[in-house]
Structures are given as C-alpha cells and as structure tokens.
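Observations on the model geometry
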Amino acid sequence: MSSWLGGLGSGLGQSLSQVGGSLASLTGQISNFTKEMLMEGTEDVEAELPNARRKEVEALHTILRSENKRLKKLCTDLEEKHEASELQIKQQSMSYRNQLQQKEVEISHLKARQIALQDQLLKLQSAAQPVISGARDAPATAASPSFGYGLSHHASAFHDDDMDFGDIISSQREINRLSNEVSRLESEVGHWRHIAQTSKAQGSDSSDQSEICKLQNIIKELKQNRSQEIDNHQHEMSVLQNAHQQKLTEITRRHREELSDYEEQIEELENLLQEGGSGIAVTDHSKIHEMQKTIQVLQAEKVESTKKIEELEDKIKGINKKLSSAENDRGVLKKEQERLSVENRQLLEECESLKLECSKLQPYAVKQSDTVTEKERIPHSSSVEEEVFRLQQALSDAENEIKRLSNLNQDNNLAEDNLKLKMHVQVLEKENSLLNQEKEELQISLSKLNNEYEVIKNTAARDLDLDSELCDLRRNLEAKEQELNQSITEKEILIAELEELDKQNQEATKHMILIKDQLSKQENEGDNVISKLKKDLNDEEKRVHQLENDKMSITKELDVHKEKLIQSELVLSDLHLTKQKLEDKVADLVDQLNKLHTKNLNIQKENFELQEHIKQKEEELSRVRDELITQSLNRDSNSNFKDDLLNEREAEVRNLRQNLSEIEQLNENLKKVAFDLKMENEKLNLACENVRHQLEESIAGNNQISQEKNAIVEALKIEKEQLEGELCRAEKRLLEEANKYEQTMEELSNARNLSISALQLDHEHLIKLNQEKDFEIAELKKNIKQMDTDHKETKKILSASLEEQKQLTQLVNENEIFIEKLKERSSELQEELDKYTQALRKNEILRQTIEEKDRSLGSMKEENNHLKEELERLREQQSRAAPVAEPKTLDSITELESEVNQLNILKDNLKEEIKHHQKVIEDQNQSKIQLLQSLQEQKKEMDEFRYQHEQMNATHTQLFLEKDEEIKNLQKTIEQIKTQLHEERQDVQTENSVIFQETKVQGLNIENGSEKHDLSKAETERLVKGIKERELEIKLLNEKNISLTKQIDQLSRDEVGKLTQIIQQKDLEIQALHARISTASYPQDVVYLQQQLQAYAVEREQVLAVLSEKTRENSHLKTEYHKMMDIVAAKETALNKLQDENKKLSTSFESSGQDMFRETIQNLSRIIREKDIEIDALSQKCQTLLTVLQTSNTENEVGGVNSNQFEELLQERDKLKQQVKKMEEWKQQVMTTVQNMQHESAQLHEELHQLQAQVLVDSDNNSKLQVNYTGLIQSYEQNETKLKNLGQELAQVQHSIGQLCNTKDLLLGKLDIISPQLSSGSSLTSQSAESLRTIKSDVLSESSKQEIEELRKSLQEKDATIRTLQENNHRLSDSIAASSELERKEHEQTDSEIKQLKEKQDTLQKSLKEKDLLIKAKSDQLLALNENFTNKVNENELLRQAVTNLKERALILEMDICKLKGENEKIMETSREKETEYQALQETNTKFSMMLREKEFECHSLKEKALAFEHLLKEKEQGKTGELNQLLNAVKSMQEKTVIFQQERDQVMLALKQKQMENTAVQNEVQHLRDKELRLNKELERLRNHLLESEDSYTREVLAADDREAKLRKKVTVLEEKLVSSSNAVENASHQASLQVESLQEQLNVASKQRDETALQLSMSQEQVKQYALSLSNLQMVLEHFQQEEKAMYSAELEKHKQLVAEWKKKAENLEGKLVSLQERLDEANVALDSASRLTEQLDLKEEQIEELKKQNELRQEMLDDVQKKWMDLINSTEGKVDKVLMRNLFTGHFHTPKNQRHEVLRLMGSILGIKKEEMEQLLNEDTGGVTRWMTGWLGRGSKSVPNTPLRPNQQPLLNSSFSELFVKFLETESHPSIPPPKLSVHDMKPLDSPGRKKLDTSVPGSFKDTTESRSGRRTDVNPFLAPRSAAVPLINPAGLGPGGPGHLLLKPISDVLPNFTPLPVSPDNSAGVVLKDLLKQ
C-alpha cells in the first residue's frame, strides 16, 4: 500500500509541476501584454487637445467611464479567479509533495529491507554450507543477478532527465520490481532458515514444519496483498492521467476566451487609431477617452494590488511574529521543564521527609500533606503536558525537515517549463519588433499633431476672446493631469509587478535547469530514505499516541487520587478544628469545676457554721422546753406568753429549714454540674479517639497515594528517557542525512562545469556513497529493532504497573466502602441509642412530674391544715383579747377579701365560739406535747444530715479522683484497653454497691427530713407509706440495674473474646506475610504484601475502634445508672423546692417583670417603677386598714376608727385630682405640638413637589445635551472621513509627481541612447546579444548560489532585485527597439529623419531644461506640502486623542451614574430596614403602653379597695354612709376620667411619633433631591464647557481644511501645466506599445495552446481530487465504524457498572434487613431487661443446683483420695526397681557414642538414677577408671523388673548420632500411648472444687488400674514412660507427697499429672521431643 501511495505521489508531483510551469508562462505572457497596452495608452494621450471641441471630449469622457467600469469588473473577476486557482494549486502542490515524501520514504525502506535480506541470505548460505554442500550454487546464482540488476538499474536511474509520466511509470515499475525481489528474498530466507533449523535440531521436526507452514501462508498472503496493491496503483495512475488531461483542456479553454476578449479590445483600439488618421480631432477625443478608461482601470487595479500587497506583508509579519513567539515559547518551556524536573526531585525528597515526620508527628501531618499535595499537583501535570508538547514539537521538526528535502525534489519538475519559456521568449521578441514599428508610426503622427498644436496656439494668441475658455480647459486639463499621473503611477506599479513575475519565472527556469540534474540523481536516494523515515515516523507517532493515551489515563487517575486526598485533608482540617474546640471546651469546663470546687468549700464552711448555730438553738430550745414544762404544771394563765414563744421557735425552725433546703439545692446543683462535666469529658474522649482513627486512616491513605505516585512518576520517567533517546537518534539521523544531501548538492553544483570524465568519477563516488548510506540504513534498522524491543519492554512494565494500580484502586475502594458501611452502622446504632435514652429520660421526667404533683398535693393539704390552725389561733386570740397579734402575710388580695367576709360572719358567731374555747385549750396542750416530740426528732434528723453531708463530700471527692484516672487511662495505647476493661468492671461493681447503699441512706435521710414539715399525724403516716413504696421501687430498679450490668458485661466479654481471636488471626497472617516478604525478592509481591499489611492494619484499627465503642457503651450505661440514682435523690428533694418556690413567686414576678423591660425603653421602665411604688404604698395602706378592722373587731370597747387615717385618705384624693389636672395640661401641649408638625409637613410636601419639577427640567436638559453631543460626534466623524480622503488625494498627487520624475528619467535615457545609436547600430545589436548572454550567465550564477532559505528573506531585498530587473528589462527593450529602427532606416535612407531628430533633440533639451526647473520648483512645493501634511496628521492625531478622551469621559460619567443608582438603591434598602425597625419599635411601644395601662388599672383597683375600706370604717365610726358613697362616686368618676385621659394621651403620643417619622422621611427626601440637583448642575456645566471646546476645535479644523483645499487646488493647476509638457513623451511610448501589441498577439496564440494543455491537466487533477474525496469518505465511514464500536464498548462497560451498582444496592438492602433484624434483637433485649426480675428466681434454683454439685464434688474427692493412695502404693513398690532394658540400652549407647560426647551419656544416666549435678561433676573429674568401676558395680546391682521394649523399624540405632539424641528419640517412640488419652474440651475444664470434675477423675483412673493390674502378667503392654502427652511435664504437685516422698525422676511426672488432666501449653509447631528435652533438663 505504501509503495502504491508513493508512486501515486510522485506522479501527481510531476503532473502538478507541469501545470505550474504552464501557468507561470501564461502569467508571463499576460504581464507582457498588459505592459504593451499601457505603453500604447500613454502614447495615445500625447496627442494634444484642440480648444474648440470641449463638449465632444466630455461626451466621449462619459462613454469611456462606462467602459472603464466594465473593464474594472472584468479585472476584478479575473483577479478573483486567479487567486482561487493559486489557492487550489498550493493545496494540491502541498498534498503532492507529502505524497512524494511518503513515496521516497517507502523506497528507502524497501531498499534497506532488500539489503538486510541479502545480508541474511549470505549469512544463511554460510551457515548452511557445512550441512548441504550441493545446494550452494543455486541460491548464489539467484542472488547475484538480482543484486546486479538492482545496481545497474539504480545507476541508470541517474541518467533519466525527462521527468514526465514516463518517469512515474518507470518508478512504479522499479517499485514493483523491488517488491518482487523482496518477496523472493524472503522466500529464500525462509528456505535457508528451514534448512539451518533442520541441520541444527532434527528432534524438533514437528514444530519446524508448523513454523514453515505458517511462513508459507504468510508469504502467500503477502503476495496476494502486493498484487492487489499493484492493481490499485495502476488504476489510480490511469485516473490521475485522465484528471490531468481534463484540467489542461479547461485551462486552455479559459485562456482562449481571455485572448479573444483582448483581441477584441485591440481591434477596437486599432479602429480608433484609424479614425484618428482620417480626422485628428476625433482620434484625439477617442484616445483621451480610451486613456481615461485605462487610467480608471489601472487605478482600480492599483488600489486592489496595494491592498493585496499590504495584506501579504501583514500576513508575513504575523507569521514571523508567530515563529519568533513559538521559538521563545519553546525556550521558555524547556527552561520550565528543567525547573519542574528539579522541583519534582525536591518534592520527592520532601515526600520522603514528610513520611518520616508524619510517622513521628501525627498532628502536623495534615499541614505538610496540604503543602505536598499542592506542590505535587503543579509539577506533575505541567511536566507531563510539557513532555507531550516537546515530543510533538520534535515530530513537527522532523516532518519539516522531510518537507524541505521534498521541496528540493519538487523543483525538479520545473525543468520542462524552462524549454517552453525559451520558446515564449522567442515569440515575444518577434512581437516586440512589430510593436517597435507601430511605435515609429505613432511618433510620426505625434510630430504632425505637434505642428498642428503650434498653429492652434498662434490662432489662440490672435483670438483674445477664447482666453476664458482656455482657462476652463486648463482646469479640466489639471484634473485630467491628476488622473493621468495616478494612472501612470498605477501603470508603473503594474509594470514593476509584471517584471517581478517575469524575473521570478526566469530565475525559476534557470534554477530548475541547474537543479534538475541533481534532483534526477538524488530522487531515488531521497525516495528510499523518505520511505524509511516515514515508516519510522509512523511507528513513533503510534507509540507517542499510545503513550499519550496512557499518560492521559494516568493523569486522570492522579486527579481522582488528588481529589480524594483533598477531601481527606479537608476532613482532617475539620477534625482538627473540632478537636481544638473540644479542647477549649475542656479547659472551660475545668475552670468551671475549679470554681464549683471553691464554691463547694465555701458552702461546707457555711454548713459547719449553720450546724454550730443549730446546736446553740437546740440547747436554747431544750432550756425553753424545760421551763415550759415547769410553767405549764404551775401556770395555766400564762398560756398566751407560751404561745408567743412557740410561734417564735416555729419561725426560727422554718428559717433553719429554709437554709437547709437552700444548702441541699446547692449540693444538687453541684452534683448536676459535676455529672455534666463527666458526660462532656466522655464525649471529648470519644471525639479524640475518632480524630485519632481518622488521622491514622488519612496517614495510611496518604502513604498509599504517595507510593502510587512514586511508581507512576518512575514509570513516566523511564518512558520519557526512552522517548528522548528515540527522538535524539531520529534527529541525529535526519541531520546526518540532511548534511549528506547538502554536501552532495554542493559537489554536484561544483562538478556541473567539468567534463564527462569528471562526471564519471562523480558517478563512481556517488555509488560508493550510496553503498555507505545503505550500510548506515541497515545500522539504523538494527537500532530501530532495538528500540522496538525496548518499547515492548516498557509497554510490559507499564501494563504491569497499571494492573497493580487497578488492584490498588480496587482495594482502596473496597476499604472505603467497608469504612462507610461501618460508619453508617455506627451512626444508626448511635441514633437508636439516643432514641432509647430520650425515651428513658421522658419516662423519668413523667415519673418526676407525677411524684412532684403528688408532693404538691401533700403540701397543699399541709397548707390547708396550717390555715385551719391559724384560724383557730385567731379565734382564741379574739376570745382572750390579746393585745398584739402578728398578722400573717397572705399572697393575694383576693384571700384578704375572703377573710374579711369570714371575719364579718365570725362577728355573729363569736358567742357560740366562746363555748368551744375550753376544748381548744385542751387541743393546744396536746399540740405542745407533739411539738416537744417533733423537736427531739429534729435533733436526730440534724445529726443524720451532718453524717449524710460528710458522706456526700467523701463520695464527691472519690468520684472526681476516679474520673481523672479514667481520663488518663483513655489516652493510653490499645494494648492497655484489655486490662482496663477488667478494672472498670470491678470498679463498676464496687461503685454500684456503694452508690446503692448511699442512695438508700440518702433516701431514708431525705424522707426523714421531709417529716419535719408535717404537723398532723395523718399526713406523716401517708408520707411513711409513700416512702416505703418508693423504697420498694428503688430496690426493684437497683435489681434491674444489676442484672442489666451483668448482661452487658457478659455481652462485652463475648465480643472482646471474639475480637481478640480475630486480632490474633490477623497477627498470624501479618507474620506469614512478613516471612513471605523476607523470602520473596520480586518488587511486585512486596508492594502487594505492603498493601495487604496496610489493609490488615486498617481492619485492626477498626476492630480496636469497635472495642473502644463497647467500652464507651459500658461507661454510658454506668452514667445512666448514676443518673437514675440522682433522679431518685432529686425526687425526694423536690418537695422542699416547691415550698420555697411558692413563697418566692410573689416577689420574683415583679422583679422578672422589671428585668424584662429594663433593656428596651428606660423611660417606660421608670414609669413602671413609679407605679410599682404606688402599688406597694396602696398595699401597705390596705394592710394597715386590715389591722384597723381586726383591732376594731377585737376591741368592742373602742367604737371609732383613727381620724388620722381618714385624713390621709382625703389628702391622697386631693393629690390624685392634682395629677389629673397635670395630665390634662400635658395633653393640650401635645395637641399643639401635633398641629405644628402638621403645618411643617405640608410645607415640606410643597418643597418636595418643587424639587421634583426641577429634577424633571434637569433631566430634559440632560437629554437635549446628549442629543447635541451625539450630533457633534457624528460631525466629528464626518470631518475625520473628509480628512482621510484629503490625505489619500495628497498621496495620489505625490505619487503622480514621482511618476513624472520617473518619466523624465526615462525620456533622458532614451535621448542619450538615440544619439550613440546613429553611429553604431550594428555594434548595439551585438552588444545587446552579448549583454543578454552576460545577464543570463550572471543570473545563472546568482541562482546557483542562492539556496532555498534565501527565498524566505524580507520583501525589501525582493524589491531591490525587482528594480534591477526592471532596469535590465528597460535596457533590453530599448536596445531591441533601437536595432529594429536602425534596420528600417537603412532601407528607407534615414538621413532626412536623422536631421529632424537632431532638431527635435534640441527642442527636447530646451523643454527638458525648462521641465527640470519646473520639477525643482515642484519638488520644493512638494516638500512644503509634505511638511503641511505631517502637521495635519499630527493635528488629526491630537483630535483623535481628544475624541478618545471624550469617549472615556462619557464612560466615566456612565459609571458614576451607575454608582449613584446603586447608592440610591442601597439608601432605599436602608430606609426600608429603618421603617421595619420603626414599626417593630412602635409595636413594642404599644405593648409597653398596654402594660402601663394594666398597671394603672391595678392601681385604680387598689384605690377602689382602699375607698371601700374607708367606707366600711366610716360606717363603723359614724354611720355616715352618704358622704362615703359620694366620695366613692367622685373617686370612680375621677378614675374614669383618668383612664380616658390616659387613652387620649396614648393616641396623641402615637400620632406625634408618626408625624415625627413622616417629617424626618420628608426631610431626608428633600436633602436627597438637593444633592441630586447639585450633581446634575455640575454635570450640565461640565458638558457645556466640553461642547464649547469641541465646537471651537471643529471650527479650527474646518478652517484649516479650507486652507488646505485652496493650497491643493493651486498645486493641481501647476501639475496640469506639467501634464501638457509630459504628453509629448507619452505619445512616443504609445508608438512602442503598438509594436508590442503585435508581438503579444503571437505570444497569445502560443499561450492559448499551452492553456488548452493545462486545462486538460486540470480536468485530470480534478478527477483525481474527486477520487481522493471518495477515498476520504470511505476513511470517514471506517472511522465512524470504529467510533460506533468504541461506543458499544463504552455502553457494555456502563452496563457492567450498572450491574455492579445494582449488586451494591442489593447488598445495601440486605444490610437494611440486617439492621431491621438488629432492631428486633434490640427489642428482644428490652424484653429481656423486663424479664430480669425472673432471673432472680432462676438464680435461687441455680444455687440449689450448686449445692447438689458440691455434694457430688465431695464424693468425687473421696474417690480421688482412694486412687491417690493406691497410686502412692504403686510408686513405693516400683521405686527401688530398675528397668534392665533401659539400662542395657544406655550402656550400649555409651559405648556407641564418640569419646567426646560420653560425658553427656554419663550425666544422663546420673540424672535418671537421681544423682545430683555436683556429685556427677566430681565423679567425671576423677579418673575414668573409677567411673567404669562404678558402672560395673551399678550394673551388677540392677533388678529385672523393667519390661522389654522392642525396637521399631523406623527406630534403627544411628551410630554417628549422640547418645542424648538417641535417648530422646527412644522416649518419643515410647511416649506414644497405647491407651488413647482422655479428651477434654475447653468447656468441660472446671476447677478442682466444681461438681463436674469428679466424673472425669473417676473415669480415668480406672484405665490406669487396669494397666497396673495387668503389669505383672504382661510386661510389654505398658511402660512407666507411657504417660499421655499432656502428662509429660509436671504441672501440679500432689497434695499427698511431701519432701519425704519418692524421688524417682522418670516416674514423678506421672504421679503429678494424672489427677489434673490440664492441657499442656505447647505451641503447634513444637513436637513432643521438645517436651522430653525439657524433662531431661530437669
């Protein structure tokens, strides 16, 4: 496919180059034609105008204008078409160049592949030679011709010069040939490989055959693909050829149409010329019109061309700027990259240091992680993006270099155009000669016209009347001159542009001739290299894309991790803040605790003082009682005195009780505060623990993320280094190749002038270079292969790292989900707990309320009894007529009234009550006795209170200490929590018992204290019953609490056990992982294990968190228990509080009322205070009246009331009247003020209206000013446009002057040329030819030196070269014209004409001198004009600045207006807020006024009552009821009046305040409007000033413009005069133009042919474009298909994710179900709590069972004792015996062991026989002979009671091993029991005293009995060593054995262990051998 594309590209490039060449030639011809047309136009104008035919000229002028417009339209259309075609050609050329590059790259790849395959062939042949000698010749013969053919063909390719379609076909054939050779070589390689493999490894035939089959299939597929590609390529070649032909036909057709248009124009011009020959006047007019047309056309062309040039210059500047900025950016980016890499390293180091610091300082970890993450974000993202950008830049640079190389190849195609251009030059020369002839004819006609002009001048001198007409004509002439000058300048610009194009064409042709030879040689090499490089580039691009995708994914993952980090950091910061807040709270609470402690101490001191005071009082009381008892027996008359004393004592007792209750309240408050502090402490501890856990989790997460980041960074670094290496290598290759190409180009350019021999040498040199390049290409290919392998490795590493990352992310996600679940569960459980606690609290509150209500009922009953007793006392006092009796202060006036009524009734019933006095006296005596008893009880209660107070203080101190210890313990580590749990449980049990006792005592004491208030027996009995009931309730609650605590402890123990097991399992797993990590060396395993470790650590932390939560629950339950106890205490103390509150209600109501309103309005509070004082005074008066009434009731003797009191009442009435008068006066004053305010408000309203009207007027003025301002701005803009037009006209005038100067120079040059031409005509021709040759050679040399980079230079250099070329062209055209004139004059005998020419020369020289003078004058004027112009430009700039300033000011004004509006809105908002505040204040005012009225009404009611009392008194005293009634009526009327006045006053006050508010609002509005007025006035003045300034400036500008116009008109007249003089020169030019027209016609014919050809080519290329479009559409379809597939993939992944989500949802539902079940369990637990009372019954049953089990245990113990006795007998019997077999084995083992280790054997034997270590060492130190003697003696004494133990097959004696090892092995084999050991589970294990123990003990010894009994009969069955494994080590010494027991070592363990059956604490890894070794050590 690549080869086909390459061929297609090269073909397209060649065809396009042909099209470009033909177009260039066409443009050259057109430019020549336009030059000649312009020349003809200038010659036509030179005919002078006749004065008489002005009207005809004007008519012709209009016709010419219309034609001029038409021609302009045509020109614009042609230019647009030209631009469009240029753009198309550029695009096509770019695509063709790219395809050429691809082709070259493919060719280079194929060549490299061919060479590599040939090398492989040679290697395989050399390898296969020893194996197959016969098969050597055939492949060599096959390879050599192919290689030779390739070389020969390669050589022949250099000689091909004609790069046409034939070249494309030949290159395609070469590609096909190369592909065939490649396939053939591949097949041969496969063959040789097969042979080599068969020779090397014949065993692997089947695999080789399968590989061969695979290779053959691959070869077949490759052949099929190649054939398909060849077919496609040929098809596309044919399509391209057709398209090319079609394009060429289209171009030729267009060219013909344009030529026909030009021919028509030429014919019209010729007709006009002919008419001019017949009638000079008509021709003049027609010529003038034609000239005008051409001038207009040229003007339009000039304007458009200047615009285009400016646009191009701007584009070039923009491109240069972009290039420079891009280079700068690149440099900056490189610097940033280096800086970021340094920062990256620093950040990595910082990360490591931060990790260390995190592990050390957890609280500071958060801050550092913030900084690290912020720093890491920037470098990572930026470095990745910069690396990608740098790689892209490197790729783009490589592509640019390839394009540059391809451009060298592309210039090759311009060679053919050169030949065509030569042909065009010849045609143009012919046409030029014809045009010269026409020019001469035109000059003759000019001379005739000049003569006629002179005649007309003479006639004009005679006719003075025609002067006015002449002036008009001159003006017209001046205008025409301006137009002519403009047209001349435009013409010259166009000629310059055309000459530039011609020069470029010539340069291109010359350059192409030079480069063609070079490129024909280099093309093949370039194709090969480019194809190869293209493949490399494609591979690298793919890699880069892959890497970019990987990087994108990694960056996304990084972003996700960063976001997670940020979230975790935010959470951490929040936690820190909360922690700080909690710490602050703790500090505050500690301060409060200290304060409370100090208060508590003060209260204790006060308590002690009070107790001492109470003791004193009690002593006094005892004394008084003794006195009373003595006096009561003797004196009954002094009962009143005793009653008084009793009352005093009771009052004192009450005071003491009040003090006690207050102290108790303080104590309770302190308890509550302490409890709250404890609760807060616990909460803070919980919060601290949560914070710690979150910190640890965040640190773990940070560590994981940092590790992942490090891994990613390292992978990216590796990738980056590899890519940089690859890029460096590619750049080096490109640079080397570019250098080589440049060297070859230079060598070729130097060798161009050498001979054929030199060319042959160069050819040989090139072949050598080619071979070297081939070798280099092979090396590069090897490097590429290495790069591929490296790339694959990196890919693998990346994939592995990605997989690890995925695993990590999955683990992290799972952990997060797990943590979230746990959090949700914990939160839900906490919510449930809160709900239950709230419910409990509500229940407790309800209980409290019920109990309080019960108590309040009791207290009310007590109060009723008290009142009854007081009534009885009063009756007694009335009967006895006691002199003084203290009245009881009652709570309310209503009670007083009721008592008054009762007293009135009592007056009637006094006589009846006197009879019952005796009974009452008896009751009083009884009450005295009761009081004495109650006083004794009070003493007891006081003692109890003291004791209780001391106990309370002690408990408080204990509680504080315990809580401090708990706070400290909470801060300890997780390991200490386990131990702490047990301690807390113990503490709980002790505390529960202590608190239970205390509460019992407290309850009893407080309940005893409550008896103080009772005076009647019934109430005391009721209270006793209630206390008993409460005690029962408290007992029940305590029992429930104890059972609950037990259950909770059991639950917590079970959970703790489970958790500890889980922790142990996790620890074991962690240890296993550590072991695996130590063994494994792979880094991936290490990372995985670290992750697992972290996960396990997190799980462990969670488990510990659960543990801590359980401990918290325990503590919470404890606190609830304490709360319950506190509530029980609080219930009992509530009675005291209620009584105190009842007393304090009356006083607190007034004080609270005053505190409420003190802050709001002080005036009202003062009034309220005054009213309160009045109320107090009235109440006192009422009390005095009551006393008076009572005294009147008691004193029947005294008939009248005190007259003083009555007088006081009258005085008060007078005072009230005076107050009413004052109120009326004040009301009148208020009314007057309100009226004044109304008047003022009306005036303010009028002012407001006036201001509004003024504001409207101002706004109208402002709008008018704005309109004027806009008008001025428009006029200013119009003036600006006029100025611009004037500037343009000035520029045109300057341009026309420059053109005139140029024409003058030209004319002078022509005159100079004409004079030497007369003498030497032939020499000129020869010189012209020589000059042409020299110019050509110069151009050739210049073009050969100029390189491609010089074409990019600035436009200034191009302008200079264009000017030189223009001069050369002028010289050439002049020389050609001169030579043609000379030839003609030789034929016509030019002597007469030479004379005429000399005369003309003289006249012309004179006229030239005059013109020189004129030109100097004009140049001076021009300088002056330039100066004026610059001044005007400066003025213009100033005006512009002024306009911009004005605009800025307008913007500023608008901004100010916006700000003012914003301020207005803010003010409105503030006013609204104030209104709302005012309304609120009014509402409060009204409330207070209502309160005042209520108070006043209370005063009035009190006054009425006072009057009523007065009335009663008066009735009693005098019986004058009439006067009292009158007074009362007067008072009532006065009260009504005062009420009315007060209401009126309130209304007036409200109205006044409203008016004041309205006035203030109106004043504010007035001020606001005045401010607005001031602002608007200022703006008006400023705008007026601005307008005046602008008007002045405009007038100045207008005047200046008028002056300029006048000056310019003068200049125009001068220039018109100049035009007349220059018209003569124009006629000569027109003659030359006519000659050039003929030559142009011939060129046009040639160009038309070329155009047809190019049209055909264009059509071909268009067809190709269509095909490309089709291929593009196909590619788009494929792309869409891929996108659909990707979408499908994404949708599938989405579905998977949705499924996962659904699964998670299911899991969540399951969890919810579990939660529901948990809730049900909680409910069951509650039910279980209710059934706790039943457990007590079950406990009784259990105790009975325990007693039964104890009995069984005793039986078992008796059984055990029997067994032990039997066992002891057995031991005694077997103690002296020795096992023969054992001793034999030991003896033989001693001799088997080496001599070095025999001491160990002897020690072992000694230990068995019971010899001490010291004795054994002494024996061993002695002579060895002694030992042997001892041994023989010992062996002689041995008994034969030991059974024989036969050896097992696996127990063969090892000679080399030591004796101790053999003995250990023997013991191991013998220790395996024949009888199975008794199995005991952990649950069956019980202590020795437990009843279930006896069964086990009885079962086991039975088996041993059997063994012992059968021992005498069967020796082989049981051995003394055959104890069960659990009994290998002695754990418990038997009770029976003392120091005098048996001492046999081997038999000791059996006796010790048999009764116990405790499991041996042996680890699973250790075997029984270890146990035996331990035994032997003993």
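These numbers come from a predicted model, not from an experiment.

1. Quick look at the overall build of the chain
A count of helical and extended segments in the chain gives 32 helices and zero strands. Looking at the 1978 residues of the chain, the share that counts as buried comes to 36%. Across the chain, contacts joining residues at least 24 apart in sequence account for 92% of those joining residues at least 6 apart. Summing over all exposed atoms, the chain offers an accessible surface of approximately 119,000 Å²; the carbon and sulfur share of this is 55%.

2. Side note on a negative patch on the surface
Taken together, the side chains of Asp-261, Glu-263, Glu-264, Glu-267, Glu-268 and Glu-270 make up a negatively charged region of the molecular surface. For Asp-261, the position within the fold is in helix H5 (residues 205–278). Since its relative accessible area comes to 40%, Asp-261 is described here as partly exposed.

3. Looking at the nonpolar core
By size, the foremost hydrophobic cluster in this structure holds eleven residues: Leu-1782, Met-1783, Leu-1786, Val-1801, Leu-1804, Met-1805, Ile-1808, Phe-1859, Phe-1863, Phe-1866 and Leu-1867. Where this core is concerned, the elements lending two or more residues are helix H25 (1780–1792), helix H26 (1798–1809) and helix H29 (1859–1871).

4. Re the pattern of salt bridges
Under the counting rule described, the total for this entry stands at 32 salt bridges. The salt bridge involving Lys-1110 is made with Glu-1113; its shortest N-O contact spans 3.8 Å. Of this pair, Lys-1110 and Glu-1113 both sit in helix H17 (residues 1083–1158), three residues apart, which is roughly one turn of the helix. On the accessibility criterion, Glu-1113 (34% relative accessible area) is partly exposed.

5. Description of a positive patch on the surface
A contiguous patch of positive charge, built from Lys-123, Arg-193, Lys-782 and Lys-785, is present on the exposed surface. The exposed category is assigned to Lys-782, whose relative accessible area is 53%.

6. What about the packing of helix H12 (residues 893–908) against helix H22 (residues 1391–1517)?
Axis separation between H12 and H22 bottoms out at 12 Å; the angle between their running directions is 15°. Relative to H22, the element H12 lies roughly parallel. In terms of crossing hand, the pair formed by H12 and H22 is left-handed. Counted together, Ile-893, Glu-897, Val-900 and Lys-907 of H12 and Leu-1502, Lys-1505, Phe-1509 and Lys-1516 of H22 form the full contact between these two elements. A breakdown of the residues in the contact of H12 with H22 according to their chemical character gives four nonpolar, no polar and four charged.

7. Notes on the packing of aromatic side chains
This model, assessed by the stated rule, comprises two aromatic pairs. Judged by centre distance (4.7 Å) and plane angle (75°), the ring pair of Phe-1787 and Phe-1791 falls under edge-to-face. Remark: Phe-1791 and Phe-1787 occur in helix H25; sequence separation between them is four residues, near one turn of the helix. On the basis of relative accessibility, which here comes to 29%, the residue Phe-1787 falls in the partly exposed class. What makes Phe-1791 partly exposed here is its relative accessible area of 46%. Over the ring of Trp-1704 we find Lys-1707; its NZ or CZ atom is 4.0 Å from the centre of that ring.

8. Let's talk about a nonpolar patch on the surface
On the surface, a cluster of nonpolar side chains totalling about 230 Å² of accessible area is made up of Leu-215, Ile-218 and Leu-222. Looking at Ile-218, the relative accessible area reads 43%, which means it is partly exposed.

9. Concerning the confidence of the model for the chain
Overall, the prediction assigns the chain a mean pLDDT of 78, with 77% of residues at 70 or greater. Contacts of residues 993–1004 to residues separated by more than four positions or lying in other chains number 20 contacts, the stretch itself having pLDDT below 50. Ignoring residues within four places in sequence, the model shows residues 1947–1967, a span with pLDDT below 50, making 46 contacts including any to other chains.

10. Overview of the packing of H25 against H26
Running from amino to carboxyl end, H25 crosses H26 at an angle of 160°, the nearest separation of the two axes being 9 Å. The angle between the axes of H25 and H26 places the two elements in the roughly antiparallel class. Classified by chirality, the crossing of H26 by H25 is left-handed. Judged by residue contacts, Leu-1782, Met-1783, Leu-1786, His-1790 and Phe-1791 of H25 engage Arg-1798, Val-1801, Leu-1802, Met-1805 and Ile-1808 from H26. Broken down by class, the residue content of the contact of H25 with H26 amounts to eight nonpolar, one polar and one charged.

Each value, and the rule that gives it
Residues numbered from 1 in each chain as written. Predicted model: local features only at pLDDT ≥ 70, side-chain atom pairs only at ≥ 80, totals over all residues. Heavy atoms only, no water. Helix = DSSP H or I, 4+ residues; strand = E, 2+ residues; numbered from the N terminus. Buried < 20%, exposed > 50% of the residue type's maximum accessible area, 1.4 Å probe, protein only. Contact = heavy atoms within 4.5 Å. Areas by Shrake-Rupley, 256 points an atom, 1.4 Å probe, with all protein chains shown as cover. Patch = residues over 30% accessible without salt bridge, like charges linked within 9 Å, V, L, I, M, F, W, Y side chains within 5 Å. Salt bridge = Lys/Arg side-chain N within 4 Å of Asp/Glu carboxyl O. Lys, Arg positive; Asp, Glu negative; His and termini not counted. Charge placed at Lys NZ, Arg CZ, Asp CG, Glu CD. Core = buried A, V, L, I, M, F, W, Y, C linked by side-chain atoms within 4.5 Å. Axes fitted to C-alpha atoms, helices over the stretch in contact; angles between N-to-C directions. Parallel < 35°, antiparallel > 145°, perpendicular 65-115°, else oblique. Left-handed = near helix turned anticlockwise from the far one by under 90°. Nonpolar A, V, L, I, M, F, W, Y, C, P; charged D, E, K, R; others polar. Phe/Tyr/Trp six-rings, centres within 6.5 Å; stacked < 30°, edge-to-face > 60°. Lys NZ or Arg CZ within 6 Å of the ring centre and 35° of its normal. pLDDT = per-residue confidence, 0-100.

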